[in-house]
Amino acid sequence: MKIGVFDSGLGGLTVLTALTRALPSQDFVYLGDNANAPYGWKAPTEIYELTIAGVERLFREDCGLVILACNTASAVALHDLQVNWLNPAAHRVLGVFVPVIEHLTRRDWGDNTPPTHTGLRDVALFATPATVRSGAFPRELHFRARDVTVAPQACTGLVEAIEAGDLDRAAEVARDHVAALLARLPAPQSAVLGCTHYPLVEAAFRAALPSATTLVSQPELIAASLGDYLKRHPRFAGGTGAVRYLTTGDPAIVGTRAAVFTGAPVAFEAA
Ligand code: DGN
């Protein structure tokens, strides 16, 4: 069965790359809502409506399972969507926080043991303003490890610089945000790049953070987590490694801009 990968724009391509590498015979359909990107400054209700529209579009492509490869959509829309909208007997929708939080706390969902301190002391979270405002990351993390300090940094301007293809400017913006974070938390034990765009400037984050800080990058964690999920839910797995790319924006423009993420232009189709 095909798996849908939804993002507000192109950032989810960092996740898709890791997914296709880890699951080479799985079919995927990517949908970028480029006509409405970026989501980082939008109101929660608008992000919720746009996310549902994107997920419905992927269901119409026969995707049984959709990954919200966008932290902003996962943070703002996933919970309500799962509780109030989704029919889990028909489809599943997964977000991108849980694999990171599982990695940080190294505990599995569903084991029914009470939240305990796992040795994790503090986490710096770099994410979009909407993700930070939602409070979803600390909420999920504290469910598993309640004593952990989360220091969020809303990285204003970073998605915009990456989407514009200006990676030098993006690296500068990333360094400024690390400096602002370190002024509040000088020696974070862990740092999470909680936006699918940020792996493109991971080197700038790494260089600006103290060497003792462990930097957590999402795409590989999401891919490993999906691999495990498919073992437990084999009805969603399968295919021949076919990947299609849909966009709500202009396919030619979006396909050209995608080269920043993939190293080559991508053949997008109109959604
Ligand atoms: N890449 C999205 C995320 O992971 O949050 C953010 C992009 C955006 O729409 N601001």
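What you are looking at is a predicted structure, and each value in this text was computed from that prediction instead of being measured.

What counts, and where the lines are drawn
Here, residues in each chain are numbered from 1, in the same order as that chain's written sequence. Per-residue local features are limited, in this predicted model, to residues with pLDDT of at least 70; the limit for side-chain atom pairs, both in listing and counting, is 80 or more; totals at the level of whole chains, interfaces and linings are taken over all residues. With hydrogens and water stripped out, all remaining heavy atoms of the structure feed into the side-chain values. Only protein chains enter the accessibility calculation, which uses a 1.4 Å probe; a residue whose area is less than 20% of its type maximum is buried, one above 50% is exposed, and one in between is partly exposed. In this description a helix means any DSSP run of H or I spanning at least four residues, a strand means any run of E spanning at least two, and both kinds are numbered starting from the N terminus. At least two DSSP bridges between two strands are needed for those strands to be called paired. Near residues are defined by distance, with any heavy atom within 4 Å of the molecule or strand qualifying the residue. N or O atoms closer than or at 3.5 Å make up a polar contact, with two conditions inside protein: a donor-capable atom paired with an acceptor-capable one, and, for residues adjacent in sequence, both atoms drawn from side chains. Per-residue accessibility takes into account occlusion by the displayed protein chains alone, with areas from the Shrake-Rupley method and a 1.4 Å probe. Under this grouping Gly is polar, as are all residues other than the nonpolar Ala, Val, Leu, Ile, Met, Phe, Trp, Tyr, Cys and Pro and the charged Asp, Glu, Lys and Arg. The directions considered for the arc run from the helix axis to the C-beta atoms. Here a residue-residue contact requires only that any non-hydrogen atoms of the pair lie within 4.5 Å. The axes used here are C-alpha line fits, helices contributing only the stretch in contact, and every angle between their N-to-C directions lies in the interval 0 to 180 degrees. UniProt positions are given in the numbering used here, feature names are shortened, and annotations may be inferred rather than shown by experiment.

Details of the pairing of strand β1 (residues 2–7)
On a regular strand, one side chain projects to one face of the sheet and the next to the other, so that they alternate.
Consideration 1: Burial of β1 is extensive: five of the six residues sit out of reach of the surface.
Consideration 2: Sheet topology note: the β1/strand β3 (residues 63–68) ladder contains five bridges and is parallel. Residue G4 lies in a different strand from β3, and its bridge partner there is V66.
Consideration 3: Note: β1 against strand β2 (residues 28–32), five bridges, orientation parallel.

Considering the site of the ligand
Consideration 1: Around the ligand sit 13 residues in total, of which S8, Y39, T72, T196 and H197 are the nearest.
Consideration 2: Backbone polar atom of N71 to an oxygen atom of the ligand: 2.9 Å apart, as the coordinates give it.
Consideration 3: For the ligand, a nitrogen atom lies 2.7 Å from a polar atom in the side chain of T196.
Consideration 4: About the coverage of the ligand: the protein hides 99% of its 300 Å² of free accessible area.
Consideration 5: Residue classes in the shell around the ligand are distributed as five nonpolar, seven polar and one charged.

With respect to helix α7 (residues 136–144)
Consideration 1: Along α7, the positions that sit buried rather than exposed are A136, F137, L141 and R144. Along the axis of α7, the buried positions cluster into a sector of 125°, meaning they face one direction only. Seen from the open side of α7, the exposed residues pointing more than 90 degrees away from its buried face are R139 and F143.
Consideration 2: On its buried face, α7 sits against α3 (71–76), α5 (97–105), β5 (122–127), α6 (129–134), β6 (149–154) and β7 (190–193).

Let's talk about the sheet that holds strand β9 (residues 243–247)
Consideration 1: The six strands lie next to each other as β4-β3-β1-β2-β9-β10, forming an open sheet whose pairing is parallel. Sheet topology places β4 (92–94) and β10 (269–270) at the edges, where each strand pairs with a single neighbour.
Consideration 2: Against the sheet, helix α2 (residues 44–60) engages β1, β2, β3, β4 and β9, with an angle of about 145° to β3.
Consideration 3: Those strands touched by helix α11 (residues 218–232) are β1, β2, β3 and β4, and its axis lies near 155° from that of β3.

Remarks on the side chain of R57
Consideration 1: Secondary-structure assignment places R57 in helix α2.
Consideration 2: Judged by relative accessible area, R57 falls into the buried class, the value being 17%.

Topic: the UniProt feature "binding site: substrate" (unreviewed entry) in the protein
Consideration 1: UniProt's feature table lists "binding site: substrate" (unreviewed entry) at D7, S8, Y39, G40, N71, T72, T196 and H197, given in the numbering used throughout. A compact arrangement is adopted by the annotated residues: their sequence extent is 191 residues, whereas the largest C-alpha distance between any two is 12.3 Å.
Consideration 2: You can see D7 is positioned in strand β1.
Consideration 3: With respect to the element layout, Y39 can be found in the loop between β2 and α2.

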